[in-house]
Amino acid sequence: MTKILTFYKRNELLIKLLLLFLVATISVGTVIAFVSIKTAERAYVDSYKDSSQLLLSQMNDNYESLNDSMINIIKGVQFNPAVKHYMKDDFTDETKKLNQAIYHMKQQILNTNLLYNNISSNLVILGTNKNIHYQSEGKSLYTPDELLEKEYIKQAHDDPMSTVYHYSTKGYSYATDDKPSLIVVKAIHDLDGVYGYVLMTILESEFSQFYSRLLDPNVNQVWISNREGLIISSNQKQDIGTNIDQKKAQFTKLEAKNVNALSQEKIYSFDYDLYNLVAEKLVAQKMVLYPTVISVSLFIMFLVSLIAFLIIRKATAPIYELTRKIPDVIKGDFSKAVKVRGTSEIKGLLNAYNFMLGGLHNYVNQLLQQEQEKRYLEFQALQLKIQPHFIYNTLTAIKFQVIQNKNQDAVDSLDAFIRLLRNLIGTKDEFISLDEELRNLNDYIHILKIRFGSNIKTTIHQKATTSILVPKLIIQPFVENCYIHAFPNENKLGKIDIFILEQTDTIKIDIIDNGIGFDIHDTSSKTQEQQRFSGIGISNITERLELIYQEKDLLIIESQPNIGTLVSIILPKKIPLNFHKK
C-alpha cells in the first residue's frame, strides 16, 4: 500500500494526464455517435416526408370523394320535378298548394342531408320565385332577397354550368353563424333559364378533418388556399382568412435554412392548392432509430464520466470545503477547521489555513474579552452615578417633610425609600421585571407627592406583560423631572400619564405631562431644554441605553410651549448577552 501511495504521489501529473486522455477518447466517441445519429435522422426525415406525401394523395382522394357526393346531391335536386315545381311556380295566395309542394319536395330529398364521411350538407334550396327551403332546422340569417344579392349567387347565375366554391367567415343560417365555412352554390336551369339555386355549407372544422386526424399540427402545418390565394382551411387556425403569398415568403426562408420542407398538391375538383410544411427538427426528435448505438454510447459516456467525476471530486473536495468555510470565518465562526486531505500541495495549504484559523480565533477571543470588560466597567461607572443621585433626591424630599413637621409623611416616605433601597441597591442586576420597575416607581411617586403635594396626578396605563425585563430606574428620572420642572406653579393642577405598550420586538414607554413645555425649534429655548433634561438621571439613561443595546435614537423628546412634553423610550425586548443576570 505504501508503494502504491508513493507511486501515486510521484506520478500524480501522469495519472491526471491519463484521465485527460480518457476524456479525449470519450469526446471522439461522442463525435462519431453524433455523426451516426445525424445520418440516421436525415434518413428518418426523408422517410417521414415520403409518408406525408402519400397522406396528401390520400387526402386529395378524400376531397375528390367529397366533391363527388356534393355533385350527386346537386344532380338529384336538379332533375327532381318536385323541387323544380317548388322553385319555379308561383304560389301566391295558394298556401295549400305551397304546402303540398314542400311536402313532395321533402319526400324527394330525404337522403341529401349527409355528404361523404358523414359531413352535414346544410342543404338550402332557393328559387327565383323567392321560395326557400332549409333542410336543417337552422333559421336563415338572410331573407330570400338578401341571399339573391350575394356575390356567390350572382356568380352561379352568370355561369350556370359551373359549381361555385366560396369561402365565408360565417354561413347563411344561425347554425353556421360566426363559423368559417365553405359555401357551395350551383344554379338550377332549364331551357327557359335559371329558376333556382342549390346551396350547401361545409364548416371549416368538418372540411379540415381529412388532414387534422392524420397529421400532427406541430410537425405538419397544412394550408388550403383557393385560386385567389385566400387560405380557406388550415390546422393553424390563426392563418385562416389570410393570404398564402405571405406564407410562401416564409416557406422560402425556412427551406433555405434547411429547417422545414414544403410540398404542394392540387385539389382539382375544388381548384384549391394544398400546402404541407414539415418541421424537420420536430420529426427528427421523434426518431426511434439506432437505439443500440445511442444506448451503448450513453452507457460508455456515463461510465467514464462517473469515474472522472469521482476522481476529480476527491481531488478537489478539500478546496471546495475550504471555500465553504471561509465565509463562516468572515462572520466570526473560527470553529470550522478543515480536515487535512488531498494532494501534498493541498495538504500544505489546508495545514496553513488551520494554523491561521487557530491564531485568529485566539486573537479575536482576546479582543472580545477586553471589549466586554471595558463595557462592563463603563456600565458599573454609570451605576455608581445613578445610585447617589437617586438617594440624594429621595433624602432631600424626606428632609423637606421633616422640616415641615410632617412626621407621619416622613415615616411613610422612609418606608417607601427602604423598599426602594432593598429593590434597587440590594441587587446588582441591571434588568428587573416591569412589575418591579412599576412598584419602585409607585413608591417614588409616593415620596414626590408628599414633597410637592397632590396637585400633580400621575396615572400609569399598562398594556404589557409584567414579567418582561427592563433596565431598572428607566422611568423614575423622567417622572421626577416632570414634578420638578414641568410644573413651576405649585398651585396649578398637573397631570402625568405614563403609557406602556408591548409591541412585536419592542416595549414603548410614553411619559406625557401637561406642564409648561418648551419650543424645541427655538434656539433660545435650547438652554431651557438642556436645563430640564441634562441632570445626572436623564443623561445617565441616554448613556445606559446606548451602552446596553448598542443603538441610537432609543430616547425621543417632543414638546410645545404651554401644552406639555412627550418623552418616548423604545426598549428592544431582546436583552444583550453581556447584561443578563450575573
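Residues numbered from 1 in each chain as written. Predicted model: local features only at pLDDT ≥ 70, side-chain atom pairs only at ≥ 80, totals over all residues. Heavy atoms only, no water.

## Remarks on the overall build of the protein chain
At step 1: Broken down by element type, the protein chain carries 17 helices and 16 strands.
At step 2: When contacts within the protein chain are restricted to residue pairs at least 6 apart in sequence, those whose partners lie at least 24 apart make up 64%. (Helix = DSSP H or I, 4+ residues; strand = E, 2+ residues; numbered from the N terminus. Contact = heavy atoms within 4.5 Å.)

## What about the nonpolar core?
At step 1: Within the largest apolar cluster, 41 residues are counted, with the highest numbers of intra-cluster contacts made by Ile 475, Ile 498, Ile 500, Ile 509, Ile 511 and Ile 569.
At step 2: The set of elements that each furnish at least two residues to this core consists of α12 (344-403), α13 (407-424), α14 (434-452), α15 (476-486), β13 (494-502), β14 (506-513), α17 (536-549) and β16 (564-572).
At step 3: Here the element with the most residues in this core is α14; it accounts for seven residues.
At step 4: Grouped together as the second largest cluster of nonpolar side chains are 36 residues, Val 198, Phe 210, Val 222 and Ile 232 included. (Core = buried A, V, L, I, M, F, W, Y, C linked by side-chain atoms within 4.5 Å. Buried < 20%, exposed > 50% of the residue type's maximum accessible area, 1.4 Å probe, protein only.)

## Some details on the sheet that holds strand β4 (residues 181-190)
At step 1: Strand order in the open sheet formed by five strands is β2-β1-β5-β4-β3, with antiparallel pairing between adjacent strands. Unpaired on one side and paired on the other, β2 (132-134) and β3 (163-168) mark the two borders of the sheet. Ignoring strand direction, the axes of neighbouring strands in this sheet form an average angle of 20°.
At step 2: Here β3 pairs with β4 via six bridges, running antiparallel. (Pairing = 2+ DSSP bridges. Axes fitted to C-alpha atoms, helices over the stretch in contact; angles between N-to-C directions.)

## Describing α15
At step 1: Judged by how many residues are buried, α15 sits mostly within the fold: nine of eleven residues are covered.
At step 2: Buried residues of α15: Gln 476, Pro 477, Phe 478, Val 479, Glu 480, Asn 481, Cys 482, Tyr 483 and Ala 486, and no others.

## Here we look at helix α6 (residues 151-158)
At step 1: Among all positions in α6, only Tyr 152, Ile 153 and Ala 156 are buried. The buried residues of α6 all sit within an arc of 105° when viewed along its axis, so they share a single face.
At step 2: Summarising the contacts, the buried residues of α6 are in contact with α5 (144-148), β3, β4 and β5 (193-203). (Arc of directions from axis to C-beta.)

## Some thoughts on the confidence of the model for the protein chain
At step 1: With 78% of its residues at a pLDDT of at least 70, the protein chain reaches an overall mean of 78.
At step 2: The secondary structure element of the protein chain with the lowest average pLDDT is helix α16 (residues 526-532), at 46, and the one with the highest is β14, at 94.
At step 3: Contacts of residues 525-535 to residues separated by more than four positions or lying in other chains number 25 contacts, the stretch itself having pLDDT below 50. (pLDDT = per-residue confidence, 0-100.)

## Here we look at the environment of Thr 25
At step 1: With respect to the helices and strands, Thr 25 occurs in helix α2 (residues 12-78).
At step 2: Sequence separation between Thr 25 and Val 304 is 279 residues, and the spatial gap between their C-alpha atoms is 9.8 Å.

## Observations regarding the pairing of β4
When a strand is regular, its side chains alternate between the sheet's two faces.
At step 1: Most of β4 is tucked away, with nine of its ten residues classed as buried.
At step 2: Here ten bridges tie β4 to β5, and the two strands are oriented antiparallel to one another. Opposite Lys 186, over in β5, you have Val 198 as the bridge partner.
At step 3: With antiparallel pairing between neighbouring strands as the criterion, β4 and β5 make up a hairpin whose turn holds two residues.

## Comments concerning the sheet that holds strand β15 (residues 555-560)
Hydrogen bonds between backbone atoms are what pair the strands of a sheet, whose relative direction is either parallel or antiparallel.
At step 1: Reading across the sheet, the five strands line up as β11-β13-β14-β16-β15 and stay open at both edges, with mixed pairing between neighbours. Of all strands in the sheet, those with a lone pairing partner are β11 (456-463) and β15, marking the two edges. Neighbour-to-neighbour, the strand axes of this sheet turn through a mean angle of 10°, independent of strand direction.
At step 2: Sheet topology note: the β14/β16 ladder contains eight bridges and is antiparallel. Considered in β16, the bridge of Lys 508 is made with Ile 570.

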